[in-house]
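Below are the chains, spelled out letter by letter.
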Amino acid sequence: MTHDHLDTPARAASRPFGRVLTAMVTPFTADGALDLDGAARLANHLVAEQGADALVVNGTTGESPTTTDAEKERLIRAVVEAVGDRARVVAGVGTNDTRHTIELAAAAEKAGANGLLVVTPYYNKPPQAGLLRHFTAVADATGLAVMLYDIPHRAGVPIETETLVRLAEHGRIVAVKDAKGDLTATSWVTSRTELAFYSGEDALTLPALAVGSVGVVGTSTHFTGAETKRMIEAHDAGDMATALALHRRLLPLYTGIFRTQGTILVKAGLAVQGLPAGPVRPPLVDATDGQVAQLRADCAAAGLPLSE
């Protein structure tokens, strides 16, 4: 197997996508159609008010299983235009079909994305040799920097440490969204490679930083982004007391946003704030009144009350 060892700018940076990346929801209109104006407004809010260094669009939080390929491309274009050079736009392109993933990657590059998020192929449970071939083929297909997404509890298989070490040899595979929840495995990979690890679990952001991670791809960061960035910056400055205090204060929302599927509660919270969100698409269902009340309580406990 050959690898492209391009010394890309992303490879040279310790934080190729910044500190705080928000996995952005996809706003829909009341009748469930794609709301591109709303997406632009939300993207601007997340960058200007919540400190997002990058936005991940067309991820699971963005309801990628229920958006069409054409909708995905239109969404990337709208968000890229909205944020300009203020933030990077990372496009989720992962599927469990290598050919389809490559097609989505090429479309994302054409639409102006700055990077790709490529999840482990799910449900069909490929062996590690298949994962190596899949991720390498996608990275070979465009000139964009690639963030691998390791989430075994959804995909059914992990990206094993030795596979990650081999994938790190590819010049465009520069980062990992780490939702494995195994900080020992994270430690081994960060000690053996230059891969930039981003916590894929909001509540593990601070512990992950301690073993070599560089930031977070968050869901609660629709609401906690600015404070999460403060936490990461405090950690970077060696002010662990401040970092720990922020971690503890934000914990009710870091965890509360996942009391049900995260997209459901993010959209509910955005709606309370008067920000673009709209309904979720089936098979998801919109938040109940009780769930919204609990979300308000979790936000208040985190010192970030939902303002209407």
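Here the structure is a predicted model, which means the values were calculated and not measured.

### A closer look at helix H2 (residues 36-48)
Reasoning step 1: In this model, H2 (13 residues) spans 18 Å end to end at C-alpha, consistent with the 18 Å of a helix rising 1.5 Å per residue.
Reasoning step 2: Within H2, the full set of buried residues consists of Gly38, Ala39, Leu42, Ala43, His45, Leu46 and Val47.
Reasoning step 3: Check the buried side of H2 and you find it contacts strand E1 (20-23), strand E2 (54-57), helix H3 (69-83), helix H10 (221-236) and helix H12 (262-272).
Reasoning step 4: Between the side-chain oxygen at the start of H2 and the backbone nitrogen of Gly38 there is a gap of 2.8 Å, and the oxygen is on Asp35.

### Description of the environment of Tyr122
Reasoning step 1: Mapped onto the secondary structure, Tyr122 falls in the loop between strand E4 (115-119) and helix H5 (128-141).
Reasoning step 2: Judged by relative accessible area, which is 32%, Tyr122 ranks as partly exposed.
Reasoning step 3: The residues touching Tyr122, leaving out its near neighbours within four places in the chain, are Gly94, Thr95, Asn96, Arg154 and Ala155.

### Observations regarding the layout of surface pockets
Rolled over the atoms, a probe as big as a water molecule pinpoints where empty space is left.
Reasoning step 1: Considering only enclosed or pocket space, the largest pocket measures out at about 600 Å³ in volume.
Reasoning step 2: At the level of secondary structure, the elements contributing two or more residues to the lining of the largest pocket comprise H3, helix H4 (98-111), E4 and helix H6 (152-155).
Reasoning step 3: Of the residues assigned to the lining of the largest pocket, the class counts are 12 nonpolar, 12 polar and 5 charged.
Reasoning step 4: Counted as a void, the second largest pocket has a volume near 340 Å³.
Reasoning step 5: Together, 21 residues line the second largest pocket, and Tyr149, Arg154, Gly200, Thr219 and Phe258 are the ones closest to its centre.
Reasoning step 6: Mapped by element, the contributors of at least two residues to the lining of the second largest pocket are H6, strand E8 (215-218) and H12.
Reasoning step 7: Classifying every residue of the lining of the second largest pocket by side-chain character gives 8 nonpolar, 10 polar and 3 charged.

### Remarks on the environment of Ala241
Reasoning step 1: Within the secondary structure layout, Ala241 lies in helix H11 (residues 240-256).
Reasoning step 2: Ala241 sits 10 residues away from Met231 along the chain, and the two C-alpha atoms are 9.9 Å apart.

### Side note on the sheet that holds strand E6 (residues 173-178)
Reasoning step 1: As summarised here, the arrangement of the 8 strands in space is E1-E2-E3-E4-E5-E6-E7-E8, forming a closed barrel in which the pairing is parallel. Averaged over all neighbouring strand pairs, the angle between strand axes comes to 25 degrees, with direction disregarded.
Reasoning step 2: Here E2 pairs with strand E3 (residues 88-92) via 4 bridges, running parallel. Counterpart to Val57 in the pairing with E3 is Ala91.
Reasoning step 3: On the sheet, H3 packs against E2 and E3 and is oriented at approximately 170 degrees with respect to E2.

### Some thoughts on the UniProt feature "active site" (unreviewed entry) in the protein chain
Reasoning step 1: The feature "active site" (unreviewed entry), as annotated in UniProt, sits at Tyr149 and Lys177 in this numbering. Taking the farthest pair of C-alpha atoms as the criterion, the annotated set spanning 29 residues converges on one region, since that pair is 4.7 Å apart. Of the annotated positions mentioned, Tyr149 line the largest pocket.
Reasoning step 2: With residues near it in sequence (within four places) discarded, Tyr149 still touches Leu117, Val118, Val119, Thr120, Ile159, Lys177 and Ala179.
Reasoning step 3: On the secondary structure map, Lys177 appears in strand E6.

### With respect to the pairing of E3
Reasoning step 1: Of all 5 residues making up E3, 4 are buried, and the element is well covered by its neighbours.
Reasoning step 2: Assessed by its sense of winding, the connection that carries the chain from E2 through H3 to E3 is right-handed.
Reasoning step 3: Read from E3 through H4 to E4, the crossover connection turns out right-handed.

### Quick word on the nonpolar core
Reasoning step 1: Ranked by size, the top nonpolar core spans 70 residues in total, and within it Met24, Leu55, Val79, Leu116 and Leu148 carry the most contacts.
Reasoning step 2: Residues within four places of Leu148 in sequence aside, it is in contact with Leu117, Val118, Phe135, Ile159, Leu164, Leu167, Ile173, Ala175, Val176 and Lys177.
Reasoning step 3: Membership of the second largest hydrophobic core comes to 19 residues, among which are Ala145, Met147, Ala179 and Tyr198.

Rules used in this analysis
- Residues numbered from 1 in each chain as written.
- Predicted model: local features only at pLDDT ≥ 70, side-chain atom pairs only at ≥ 80, totals over all residues.
- Heavy atoms only, no water.
- Helix = DSSP H or I, 4+ residues; strand = E, 2+ residues; numbered from the N terminus.
- Expected span 1.5 Å × (residues − 1).
- Buried < 20%, exposed > 50% of the residue type's maximum accessible area, 1.4 Å probe, protein only.
- Contact = heavy atoms within 4.5 Å.
- Polar contact = N/O pair within 3.5 Å; in protein donor to acceptor, adjacent residues only side chain to side chain.
- 1 Å grid on protein atoms, 1.4 Å probe; cavity = no way out; pocket = protein on both sides within 12 Å on 5 of 7 lines; lining within 4 Å.
- Points joined across faces, edges and corners; volume = space filled by probe spheres on them.
- Nonpolar A, V, L, I, M, F, W, Y, C, P; charged D, E, K, R; others polar.
- Pairing = 2+ DSSP bridges.
- Axes fitted to C-alpha atoms, helices over the stretch in contact; angles between N-to-C directions.
- UniProt positions renumbered as here; feature names shortened; annotations may be inferred.
- Right-handed = clockwise from strand over helix to strand, strands pointing away.
- Core = buried A, V, L, I, M, F, W, Y, C linked by side-chain atoms within 4.5 Å.

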